[in-house]
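Below, each chain spelled out in residue letters.
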Amino acid sequence: MSRHQDSKGRGKTSGRGQANSKSKSFARGNAPFKKKSKLKASSNPDEIRLNKYIANSGICSRREADENIAIGLVTVNGKVVTEMGYKVKRTDDVRFDGQRIAPEPKVYVLLNKPKGFATTTAEGKGRTVMDLVANATNANIRPIGRLGRNSLGLLLFTNDDKVVQKFTNSKNGVARLFQVELDRNLKYEDLKKIQEGFNVDGNLITVEEISYIEGEPKNNIGIKIKNTGNSILRTIFETFKYDLVKIDCVAIGHLTKKDIPRGHWKHLTEQEINTLKML
């Protein structure tokens, strides 16, 4: 019988072996590898990994996004990015195969703008329409078109580029109805000239509709245009020597100010969104 076997023939553990079974030896050669501490990447809450950005947009999975990034299908602010782990801001212009994408659901907010707010997303411009819709959504929405600081009425905000393109399409566009107040009554012959279209510096200016407002003085006019800005209104009336006293956008396509007090906003209903996309 071996000196390391008991009477039943089982191997008996030596004292050194017992020590090893109870605790790990940190003797030379047995020391564990120290785990390298991971360097914490700067966590900017405004930044998101590019593959996640793409996946959140619904284009594809993160793994597929990495593959598409690697082959150069993705641009950020006009530059092709192939770097894995690249981070972008939500305000960056990210495009997949040429089409701009957004890492968030599509949002549509309709504001009844009061006076005194500039239509801009830029900072340092005083009070802006972005202040009025700040609590509407976390999505990166922006206004479609412009209303002057002292103009009133409806302004649509969205992060849906296809809807934005629908409004800014020079051939089609979306009609907006304004009620304007002039410094004096609009002559009927001037109304007819505006209705028929006229030239300014070689450019043809046309409107969808123009008319007097029933029951109102002849200096209150209803005019429908498809331009996204309201500077065209000043061009129209100043050409005929009228000053604009008030501009109020009362309808955008099928959308009206009903149940939206001045300075307030609402999210479009599903039916309103569907109708908007069909315009």
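Further up the page is the structure itself.
What comes next concerns the included structure. Here the structure is a predicted model, which is why all the values come from computation and not from measurement.

For the chain, the count of helices and strands is 8 helices and 17 strands. When the 279 residues of the chain are sorted by exposure, 37% land in the buried category. Sequence-distant contacts, at least 24 apart, represent 63% of the contacts inside the chain between residues at least 6 apart. For the chain, the exposed area adds up to about 18,000 Å²; of that, 46% sits on carbon and sulfur atoms.

All right, on to a positive patch on the surface then. A surface patch of like charges, here positive, comprises Arg49, Lys52, Arg62, Lys87 and Arg90. Structurally, Arg49 can be placed in strand 1 (residues 47-49). Given a relative accessible area of 42%, Arg49 falls into the partly exposed group.

If you check which residues of helix 7 (residues 231-239) are buried, you get Ile232, Leu233, Ile236 and Phe237. With its buried residues spanning 125 degrees around the axis, helix 7 presents them on a single face. Downstream of helix 7 by one or two residues, Lys241 has phi in the positive range, about 70 degrees.

A word on the side chain of Asp160. Of note, Asp160 is situated in the loop between strand 9 (152-158) and helix 5 (161-168). At 4.2 Å, Lys277 is the nearest oppositely charged side chain to Asp160, a buried residue that forms no salt bridge. Each residue touching Asp160, except ones within four places of it in the same chain, is listed here: Lys106, Tyr108 and Lys277.

Turning to the pattern of salt bridges, a few remarks are in order. Two side chains that carry opposite charge are able to pair once their charged atoms sit near each other. On inspection of all chains with the given rule, the structure shows 7 salt bridges. Linking Glu209 and Lys224 is a salt bridge whose minimum nitrogen-to-oxygen distance equals 3.6 Å. With Glu209 in strand 13 (residues 209-212) and Lys224 in strand 14 (residues 220-225), the pair connects residues that are 15 residues apart, well separated along the chain. A relative accessible area of 47% means that Glu209 is categorised as partly exposed. As a salt-bridge pair, Lys257 and Asp248 come within 3.0 Å of each other at their nearest N and O atoms. The network of salt bridges with shared partners includes Asp93, Arg95 and Arg100.

The next subject is the pairing of strand 15 (residues 244-252). A regular strand places its side chains on the two faces of the sheet in alternate fashion. The buried fraction of strand 15 amounts to 7 of the 9 residues, a majority that puts the element mostly inside the structure. Here strand 9 runs beside strand 15; their pairing, made up of 2 bridges, is parallel. Looking across to strand 15, one finds that Gly153 is bridged to Cys249. Here strand 10 (residues 176-182) runs beside strand 15; their pairing, made up of 7 bridges, is antiparallel. By the bridge assignment for strand 15, Leu182 is matched with Leu244. Count of turn residues in the strand 15/strand 16 (residues 255-256) antiparallel hairpin: 2 residues, of which Gly253 carries a positive phi of about 60 degrees.

According to the stated counting rule, one finds 1 aromatic pair in the structure shown. Centre to centre, the rings of Phe198 and Phe240 are 5.0 Å apart; their planes meet at 80 degrees, and the pair counts as edge-to-face. Placement of the pair is Phe198 in strand 11 (residues 198-200) and Phe240 in the loop between helix 7 and strand 15, with a sequence separation of 42 residues. What makes Phe240 buried here is its relative accessible area of 15%. Here Arg184 stacks its cationic end above the ring of Tyr242, 4.0 Å away from the centre of that ring. Here the basic side chain of Lys218 rests over the ring of Tyr212, its NZ or CZ set 5.2 Å away from the ring centre.

What counts, and at which threshold
Residues numbered from 1 in each chain as written. Predicted model: local features only at pLDDT ≥ 70, side-chain atom pairs only at ≥ 80, totals over all residues. Heavy atoms only, no water. Helix = DSSP H or I, 4+ residues; strand = E, 2+ residues; numbered from the N terminus. Buried < 20%, exposed > 50% of the residue type's maximum accessible area, 1.4 Å probe, protein only. Contact = heavy atoms within 4.5 Å. Areas by Shrake-Rupley, 256 points an atom, 1.4 Å probe, with all protein chains shown as cover. Patch = residues over 30% accessible without salt bridge, like charges linked within 9 Å, V, L, I, M, F, W, Y side chains within 5 Å. Salt bridge = Lys/Arg side-chain N within 4 Å of Asp/Glu carboxyl O. Lys, Arg positive; Asp, Glu negative; His and termini not counted. Charge placed at Lys NZ, Arg CZ, Asp CG, Glu CD. Arc of directions from axis to C-beta. Pairing = 2+ DSSP bridges. Phe/Tyr/Trp six-rings, centres within 6.5 Å; stacked < 30°, edge-to-face > 60°. Lys NZ or Arg CZ within 6 Å of the ring centre and 35° of its normal.

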